[in-house]
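Given next are the chains, with one letter for each unit.
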Number of protein chains: 2
Amino acid sequence: MDNLGKEGKRGVIEVVSKEKITKENLAQIYTPGVAMLVKKVMDNEEAVYDCTWKGNAVAVVSDGSAILGLGNQGPKAALPVMEAKAALFKELAGVNAVPIVLDTQDTEEIVSIVKAISPGFGGINLEDISAPRCFEISRKLEKELDIPVFHDDQYGTAIVVLAGLINAAKIVKKDLKKLEIRISGAGAAGLAIADLLLEEGCNEITLFDSKGAIYEGRTDLNQEKKKIAKITNKTSFKGTLQESLYKADVFIGVSAKNLLTADDIRGMNEDAIVFALANPEPEILPKEALRADNIGIIATGRSDFSNQINNALVFPGIFKGALQNRTVEITNKIKIEIAKALANLIKQPTKDRIISDVVDKGVVPAIVNVFERFYKEHKQ
Amino acid sequence: MDNLGKEGKRGVIEVVSKEKITKENLAQIYTPGVAMLVKKVMDNEEAVYDCTWKGNAVAVVSDGSAILGLGNQGPKAALPVMEAKAALFKELAGVNAVPIVLDTQDTEEIVSIVKAISPGFGGINLEDISAPRCFEISRKLEKELDIPVFHDDQYGTAIVVLAGLINAAKIVKKDLKKLEIRISGAGAAGLAIADLLLEEGCNEITLFDSKGAIYEGRTDLNQEKKKIAKITNKTSFKGTLQESLYKADVFIGVSAKNLLTADDIRGMNEDAIVFALANPEPEILPKEALRADNIGIIATGRSDFSNQINNALVFPGIFKGALQNRTVEITNKIKIEIAKALANLIKQPTKDRIISDVVDKGVVPAIVNVFERFYKEHKQ
C-alpha cells in the first residue's frame, strides 16, 4: 500500500487474465478457439452474456466536468477517481469496472459515445459530470440503451442520504416526513436528494445554490431547478442559507467546503442533523459542528470520519444487483427500497453509527436482495 | 480452464484492484485520498502517467467489421476476440488492455470516439476493422493523437510475416529480396505485408483480392489498392491467383479458407514457402500442403500447428515497448527492426520452427529492446 493515493504508483487497478496462458491453452483461448465464441454470438446475440464479460462489466464514464468538489478539471484529472471507483466495484461487489474518461463536454457527443461503446458493457455508471448536463445525458441514455444507466452522483448519493436520514430521525425521535430540511447545492446530488426525499414523503424542503434559495419565479434557474422550485420551498423563502437554518431540523450539504459554522448550527432546532457531504472537504468539519450544543448527528462523505454518507455504499451493490437480474430501469421505487434496506442494516443506530461502513460485508448483499425481490415480483 | 473458449465462462479477463480495500485504507484509496492524485494532475497534466494506469493501459478497439476470417459481424461478436487479446496483453507483456467494441462503422465517428476516449489510455490497438476503412481510421488517429496507435491486423501481421520469411528464406537458401511473392488478400493485412516487404527490398510481389490480380489500370480498385498496384505486379499479370503461383517462391494468404490445394503448390518453385494465415481456417491446412512434394515451409496463423505466424507475437511487445519508452510513432524502420529481432530469436531455424512461439519468454523483451534502442538513438 504505502504510497498508494500519495504517489500514485501508476494506478490502483489492472486488467488480468482469468487463466495463465500456456502453449497448451493458447489455441483454445486465442485462435482458433475464440472463433467458437464469436460464432455463438453470431448465432444468438444474447450469448454475449455467456461468452464474454459483458454481463459483469461496467463502464465508469466521466468527462471530468465536476470532479469531487474540485470542479471542471477535464478527463485526465478525473481518471484517478474513476480508477478508485473501479477498485471499489471489484473489491466490494466483484464487478469489473473500466474507467472511461472523455475528452469532450458536449452533451450530444457524450450520449453518442456512450451508446457506441455500450455493446461491450452490461451497465453504464456516469460519474462526475456537471449539472445540468448530467440530467440530459442520463435521461437520454436511460431511454436509449438496453442496459442499466446510473449516475452515481445523483441517485447514489440520494439513496445513502435517505438511508442515513431514516436512521438519524429514528435516533433523535423525529418524524422523517415532518423534518424541516435545507439542501445546500442544487446540482446532480442536491436535486436527486430532493427528488427522492419528496418521493418518500418529506415535504418541508428548501434547496440553495450558490446564488441563494431556490424559489418559484427566480429568474436565473435552469429547467431542473425550475421544476424543483415548484414542489419545494413552500413559503417562497428568498433569504440566505444561513438565515434559513433557523428552526430547521436538517442540513444536507452537497456543495462546497467551509460553508457552515457552529454558529449557523446553533440556530437550528434541538438535535440538529448535519450531513456535510462535500468532498474532499466538507461544508463543516465534525470537530467544528460538535461545538454547537444542539448538534444531534454529524455525518460527512469521507471515510476518515464516522457516519460516511457516500455513494460508495450503493454503487457497487446497485450494479451487482442490476447486472445479476438484468434490471434495466432502476426506478425510484427500487431506490427507496435500497435506502430502507441500508438503513435496516443498522439494528441499533447511534449518533456515531447511522449507516454501515462502505466495507461492511452486509451492504452489497442487502442491495442485491432488493433487485432480486423486484425481479421476482416482476416475473410473477 | 476446462470449458474456457467452449462455454465462455463469462469472459477470460477481469479488472482487479491492486490492493485489498479495508476500512483503514479506504480513505487513502478513495475519498479524500484520491483528491491528492486529482490535484497532482491538475497541477501538471503529465502526472497522469504517474498517478493513474494510463502509462500502462491500452484500448483494444474494434467495430466488428472484419472479425478474424468471419467477416462483418458487429461489435458483440467481436468482444470475445478483444477479450482474448486483452488476456494476451497482460499475460505476455504485463500491459493492461481494455476491450472497446463500437456500435458504429462510420469512419469519422470511430475516429472521433477513439479520440474522445484516448485521455484514459496510453495507446490504441485497432483490431478487426475492415479495409479500406481501417487505413483512413489508423492514419487519422496516428496523426491526431499524442499516444501510439497501432492496427494490429495491418502491421502486426506484416512484422511477423517478414520475420517468418527471413528465416524461411534462410532455411531454403534463397535470397529474400529475390523471392517471387504472391499475396492473397488485399485488405488490412495484405497491403501492410506488401508495404513492409517492399520497404525491406522484396520487389517481386503480386497481390490478389477476391476479384483476381491487382494491376495498375484495374478499374475497380480503391485508393489503397491503386497505390500498391503502381509498385507491385511489374508484369501487369491479370490472371488468377492459381495461375500466378506457377514458378512462384512464396504464397502468403491473408484471405479465406480452402483457397489453395496441394496441386496449386505443385506448380510453385522447389522449396515453396506457404504462409496460409487466414483465421480460424487457413487457405490450406498443413496436412494438405505437405502432400505437395515441393513444399518447403508451411505456416499458419493458428496456435495448434507449428510455425504460427500470428500478430500475437508482436502486439504485446510493441505496446510494452512503446508505452515504456513513450514512443508515439511506430515507424516502418522500427517495424523492420522488430521483424529482424524476432527472426534472430531462432538461432537455428528449421522447417518446423521458423519463428518463436507466442508464449516464448524471449519474444516480448526482444521487441521492447528495439524500442529502447530507438529511444536512446533519438535522445542522442
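Conventions and cut-offs
Residues numbered from 1 in each chain as written. Chains lettered and ligands numbered in written order. Predicted model: local features only at pLDDT ≥ 70, side-chain atom pairs only at ≥ 80, totals over all residues. Heavy atoms only, no water. Contact = heavy atoms within 4.5 Å. Salt bridge = Lys/Arg side-chain N within 4 Å of Asp/Glu carboxyl O. Polar contact = N/O pair within 3.5 Å; in protein donor to acceptor, adjacent residues only side chain to side chain. Helix = DSSP H or I, 4+ residues; strand = E, 2+ residues; numbered from the N terminus. Pairing = 2+ DSSP bridges. Core = buried A, V, L, I, M, F, W, Y, C linked by side-chain atoms within 4.5 Å. Buried < 20%, exposed > 50% of the residue type's maximum accessible area, 1.4 Å probe, protein only. Axes fitted to C-alpha atoms, helices over the stretch in contact; angles between N-to-C directions. Phe/Tyr/Trp six-rings, centres within 6.5 Å; stacked < 30°, edge-to-face > 60°. Lys NZ or Arg CZ within 6 Å of the ring centre and 35° of its normal. 1 Å grid on protein atoms, 1.4 Å probe; cavity = no way out; pocket = protein on both sides within 12 Å on 5 of 7 lines; lining within 4 Å. Points joined across faces, edges and corners; volume = space filled by probe spheres on them.

Another aspect to go through is the interface of chain B and chain A. Counting from both sides, the interface comprises 99 residues of chain B and, opposite them, 99 residues of chain A. If you look at where chain B meets chain A, you find six salt bridges. The closest approach of N and O atoms between K23 of chain B and D357 of chain A, which form a salt bridge, is 3.0 Å. At the boundary of chain B with chain A, the tally comes to 38 residue pairs in polar contact (both at pLDDT 80 or more). Listed by contribution, the elements that provide at least two residues to the side of chain B that touches chain A are β1 (13-17), α1 (26-29), α2 (34-43), α3 (48-51), α4 (74-93), β3 (96-101) and α5 (107-117) of chain B. Here the element with the most residues in the side of chain B that touches chain A is α4 of chain B; it accounts for 13 residues. Two strands pair when backbone bridges link them, and strand β1 (residues 13-17) of chain A and β1 of chain B are joined in this way by five bridges, in the antiparallel orientation.

Further remarks concern the nonpolar core. Formed by 260 residues in total, the largest nonpolar core has its most connected members in F275 of chain A together with F275 of chain B. When residues in this core are grouped by element, the largest group, 13 residues, is from helix α7 (residues 152-172) of chain B. In this structure, F275 of chain A is in contact with V161, G164, L165, A168, F251, I252, G253, I297, A299, I309 and I354 of chain A, ignoring residues within four places of it in sequence. Within the second largest apolar cluster, 18 residues are counted, among which are L245, A248, F251 and V274 of chain B.

Bringing the sheet that holds strand β2 (residues 57-62) of chain B into the picture now. All names here are of chain B. In space, the four strands of this open sheet follow the order β3-β2-β4-β5, with parallel pairing throughout. Among the strands making up the open sheet, the edge pair consists of β3 and β5 (149-151). The average undirected angle you get between the axes of adjacent strands in this sheet is 20 degrees. Bridging between β2 and β3 involves six bridges; their strand directions are parallel. Bridge pairing in β3 links A57 to N96. Docked against the sheet, α7 engages β4 (123-126) and β5, running at close to 75 degrees with respect to β5. Contacts from helix α13 (residues 315-325) reach β2, β4 and β5, with the element oriented near 160 degrees to β4.

For the rest of this paragraph, the subject is the packing of aromatic side chains. Across all of its chains, the model carries eight aromatic pairs over all chains by this definition. Residues F208 of chain B and F237 of chain B carry aromatic rings whose centres are separated by 6.2 Å and whose planes lie at 70 degrees to one another, so their mutual orientation is edge-to-face. Placement of the pair is F208 of chain B in strand β7 (residues 204-209) and F237 of chain B in the loop between α9 (223-231) and α10 (241-244), with a sequence separation of 29 residues. Its relative accessible area of 2% is what places F208 of chain B among the buried residues. You can call F237 of chain B partly exposed: its relative accessible area is 24%. In textbook terms, an aromatic cluster arises when at least three aromatic residues are bridged by ring pairs, as seen for F89, F150, F315 and F319 of chain A. Above the face of the Y215 of chain A ring, K238 of chain A is positioned so that its terminal group lies 4.8 Å from the ring centre.

Attention shifts here to the pattern of salt bridges. Evaluation of the coordinates by the stated rule reveals 54 salt bridges over all chains. Close ionic contact of K234 of chain A with E204 of chain A constitutes a salt bridge, the shortest N to O distance being 3.6 Å. Of this pair, K234 of chain A sits in the loop between α9 (223-231) and α10 (241-244) while E204 of chain A sits in strand β7 (residues 204-209), placing them 30 residues apart in sequence. Under the relative-accessibility criterion, K234 of chain A is labelled exposed at 55%. Linked by salt bridges that have partners in common, K23 of chain A together with R353, D357 and D360 of chain B make up one network.

Glancing now at the environment of Y155 of chain B. Residue and element names in this part refer to chain B. Looking at where Y155 falls in the secondary structure, it is placed in helix α7. For the pair formed by Y155 and A189, sequence separation is 34 residues and the distance between their alpha carbons is 7.0 Å. For Y155, the residues in contact, after removing those within four places along its chain, are F150, A192, D195, L196, N332 and K335.

Residues and elements named next belong to chain B. Ordered by their spatial adjacency, six strands build an open sheet running β8-β7-β6-β9-β10-β11, and the pairing between neighbours is mixed. Whereas interior strands pair on both sides, the edge strands pair on one side only; in this sheet they are β8 (212-213) and β11 (295-300). Examined bridge by bridge, strand β9 (residues 250-253) and strand β10 (residues 272-276) share four bridges and lie parallel to one another. Pairing of V250 across the sheet is with I273, part of β10. Together, β6 (180-184), β7 and β9 form the strand contacts of helix α8 (residues 188-199), whose direction differs from that of β7 by roughly 175 degrees.

What follows concerns empty space enclosed by the protein. A complete count under the given rule lists four cavities of 30 Å³ or more for this structure. In this structure, the largest cavity encloses a volume near 80 Å³.

Right, let's get into the pairing of β11 of chain B. Residues and elements named next belong to chain B. For β11, the buried fraction is high: six of the six residues fall into the buried class. Looking at chain direction, β10 and β11 are connected through five bridges and run parallel. Residue pairing in the sheet places I273 in a bridge with I297 of β11.

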